[in-house]
Amino acid sequence: MSPTFLYTLIAILLTLLLWLGWHSYVLKRRVVELTKAVLNTSNQPLPQDMPHLEELSNAIAALQSQFRDRLADANAEGAQLAAVIEQIPDGIIIADEEDKIQFANPAAHTLLENASLLESRVVQALRYHQLIEIWQKSKKTKTVQSDVLEIPFQRGFLQLVVAPDQYAPGGSLLLIQDLTRLRHLETVRRDFISNLSHELRTPLASLRALTETLQDGALDDPPVAQRFLSRIETEVDALTQMAQELLDLSRIESGQIELNLQNTTPQKILQRATERMRMQAERADIHLVLDCPNELPNIQADVARIEQVLVNLIHNGIKFTSMGGTVTLSAESGSRSIRFAVSDSGIGIPANDLPRIFERFYKADPSRRSRGTGLGLSISKHLIEAHGGKLWAESVEGQGSTFYFELPIN
Ligand code: ADP
């Protein structure tokens with residue numbers, strides 16, 4: 001072997017060694033950097049000395065497991081959110097920048113009465129021009145817009161809230177809420193207050209007129225004064241009754257009454273109510289008839305409360321029936337309940353009024369009828385419903401009325 005060849009070989013070997021050394025140095029630095037980066041990402045402590053390949057592999061495994069955990073958490077959160085969006089009663093719609101609907105929850109389909117909202121245009125989905133205008137205004141002004149629409153011919157109310165630039169620039173998020181019940185409650189409250197003040201005004205005006213007449217000289221005429229005093233007493237009684245009924249109603253509606261349930265027979269309740277009202281019926285020249293079979297199953301009822309309902313129904317029967325007429329009480333057994341009926345041969349209830357007579361203060365044509373608070377049927381309905389039963393009426397104007405209620409058999 002010539003010396004030149006030997007030197008060349010040594011030079012090549014040395015170069016190779018240097019090259020390998022350099023590369024192993026570079027590789028090691030990369031490993032260090034990579035390990036540090038991985039440890040950093042997974043929030044693990046950095047080692048004191050130089051990390052090795054094995055530590056890199058451990059760090060990557062730890063990062064992988066962390067990643068899997070986070071993915072599972074994100075999936076669980078996503079599933080929860082999807083369940084909430086699926087169930088909430090408010091409609092949610094997401095539209096892209098081309099105004100095409102990319103997401104709509106079930107409530108949105110129901111509220112907009114459209115079974116296939118996906119991929120349709122927002123303008124088609126919203127239908128009512130008032131809603132479309134709100135959405136367009138939000139897109140134009142790039143601000144959140146909202147308004148309430150009264151749905152034509154349906155006595156319903158929809159609220160639309162539009163948030164622009166959601167989901168994608170130019171896209172929008174639409175929230176649709178059904179405000180019908182809320183609006184109805186507001187109306188009921190407003191009506192209640194106006195009815196109450198109206199009902200109070202009449203007896204208060206009478207009281208004022210009576211006291212003024214007494215002050216103006218009637219006091220000096222004892223027989224006249226006596227008559228006026230007894231009229232004052234009647235007005236005060238009416239006001240007291242109204243206050244008591246209002247209190248009853250508010251207690252029942254807020255679930256504050258407790259039923260004192262007892263095992264009893266339908267006959268016993270009907271007999272007690274008939275006895276209580278017999279005198280009043282005789283005074284009005286009305287035949288009060290009890291027509292009830294002896295063998296009826298027992299029921300669980302708050303006897304005093306059911307008696308209160310029956311007394312109220314009989315009282316109405318007498319009040320709205322002319323002299324010589326009849327009010328009949330009866331009961332019969334169904335498969336799961338006892339059906340009570342209070343039937344009269346009186347003036348009946350106009351078909352228009354029939355669905356409304358159970359509302360608070362409702363009186364069918366009050367000018368024609370004798371005075372009352374208009375609260376009795378409302379209280380009765382609540383009491384029967386508190387027993388798990390139902391109360392309803394059937395009537396033909398001029399041919400009498402029948403009020404039914406059912407109570408579950410034990
Ligand atoms: P009130 O009798 O004090 O006015 P209710 O709530 O008991 O109040 O009844 C509400 C309305 O229903 C009455 O004003 C009357 O117009 C109608 N009504 C109830 N019972 C009868 C009946 N038996 N016959 C005819 N109308 C009735």
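So, a few notes on the structure that sits alongside this text. Keep in mind that this is a model prediction, so the values were computed, not measured.

1. Quick notes on the pattern of salt bridges
Logical step 1: In total, this model carries 12 salt bridges according to the counting rule given.
Logical step 2: Where Arg29 meets Glu33, a salt bridge forms, and the shortest distance between an N and an O atom there is 3.5 Å. Of the two residues, Arg29 and Glu33 are both situated in helix H1 (residues 3-41); the distance of 4 residues between them amounts to about one turn of the helix.
Logical step 3: Here Arg29 falls in the partly exposed class, since its relative accessible area comes to 43%.
Logical step 4: We note a salt bridge from Glu307 to Arg276, for which the minimum N-O separation is 3.0 Å.

2. Considerations on unusual backbone geometry
Logical step 1: A positive phi angle is found at Glu113, which is not glycine, with a value near 50 degrees.
Logical step 2: Position of Glu113 among the secondary structure elements: in the loop between helix H3 (106-111) and helix H4 (122-126).
Logical step 3: Backbone geometry places Arg127, a non-glycine residue, at a positive phi of 60 degrees.
Logical step 4: The residue Arg127 is located in the loop between H4 and helix H5 (129-141) in this model.
Logical step 5: By relative accessible area, which is 40% here, Arg127 ends up partly exposed.

3. Concerning the packing of aromatic side chains
Logical step 1: What the rule picks out here adds up to 5 aromatic pairs.
Logical step 2: Taking the centre distance of 5.9 Å and the plane angle of 35 degrees together, the rings of Trp22 and Tyr25 count as tilted. Taken together, the residues span about one helical turn, with Trp22 and Tyr25 both in helix H1 at a distance of 3 residues.
Logical step 3: Relative to Tyr404, the ring of Trp392 lies with its centre 5.3 Å away and its plane at 20 degrees, an arrangement referred to as stacked. Of this pair, Trp392 sits in strand E11 (residues 390-395) while Tyr404 sits in strand E12 (residues 401-408), placing them 12 residues apart in sequence.

4. Digging into the layout of surface pockets
Logical step 1: By volume, the second largest pocket amounts to about 150 Å³.
Logical step 2: Around the second largest pocket, the lining is made up of 14 residues, and of these Leu111, Glu113, Ile151, Gln154 and Leu158 lie nearest the centre.
Logical step 3: Here the residues of the lining of the second largest pocket sort into 7 nonpolar, 4 polar and 3 charged.

5. Thoughts on the site of the ligand
Logical step 1: Neighbouring the ligand are 19 residues; Asn316, Lys319, Asp344, Ala364 and Leu377 lie closest to it.
Logical step 2: Residue Asn316 places a side-chain N or O atom 2.8 Å away from an oxygen atom belonging to the ligand.
Logical step 3: Interatomic distance of 2.9 Å between a side-chain N/O atom of Asp344 and a nitrogen atom of the ligand.
Logical step 4: Across the complex, the protein chains shield 97% of the 530 Å² of accessible surface that the ligand would expose by itself.
Logical step 5: Breaking the shell around the ligand down by element, the ones donating at least two residues are helix H9 (303-319), helix H10 (376-386) and E12.

6. Details of the sheet that holds strand E3 (residues 145-151)
Logical step 1: Pairing is antiparallel in the open sheet, where 5 strands are placed in the order E2-E1-E5-E4-E3. Only two strands of the sheet have a single partner each, and these edge strands are strand E2 (101-104) and E3. Here the strands of the sheet are splayed against their neighbours by 20 degrees on average, with no regard to which way each runs.
Logical step 2: Strand contacts of H5: E3, strand E4 (156-164) and strand E5 (172-178), with the helix running at about 175 degrees to E3, the strand carrying the most contacts.

Here is what the cut-offs are and how they apply
- Residues numbered from 1 in each chain as written.
- Predicted model: local features only at pLDDT ≥ 70, side-chain atom pairs only at ≥ 80, totals over all residues.
- Heavy atoms only, no water.
- Salt bridge = Lys/Arg side-chain N within 4 Å of Asp/Glu carboxyl O.
- Helix = DSSP H or I, 4+ residues; strand = E, 2+ residues; numbered from the N terminus.
- Buried < 20%, exposed > 50% of the residue type's maximum accessible area, 1.4 Å probe, protein only.
- Phe/Tyr/Trp six-rings, centres within 6.5 Å; stacked < 30°, edge-to-face > 60°.
- 1 Å grid on protein atoms, 1.4 Å probe; cavity = no way out; pocket = protein on both sides within 12 Å on 5 of 7 lines; lining within 4 Å.
- Points joined across faces, edges and corners; volume = space filled by probe spheres on them.
- Nonpolar A, V, L, I, M, F, W, Y, C, P; charged D, E, K, R; others polar.
- Near = heavy atom within 4 Å.
- Polar contact = N/O pair within 3.5 Å; in protein donor to acceptor, adjacent residues only side chain to side chain.
- Areas by Shrake-Rupley, 256 points an atom, 1.4 Å probe, with all protein chains shown as cover.
- Pairing = 2+ DSSP bridges.
- Axes fitted to C-alpha atoms, helices over the stretch in contact; angles between N-to-C directions.
- Contact = heavy atoms within 4.5 Å.

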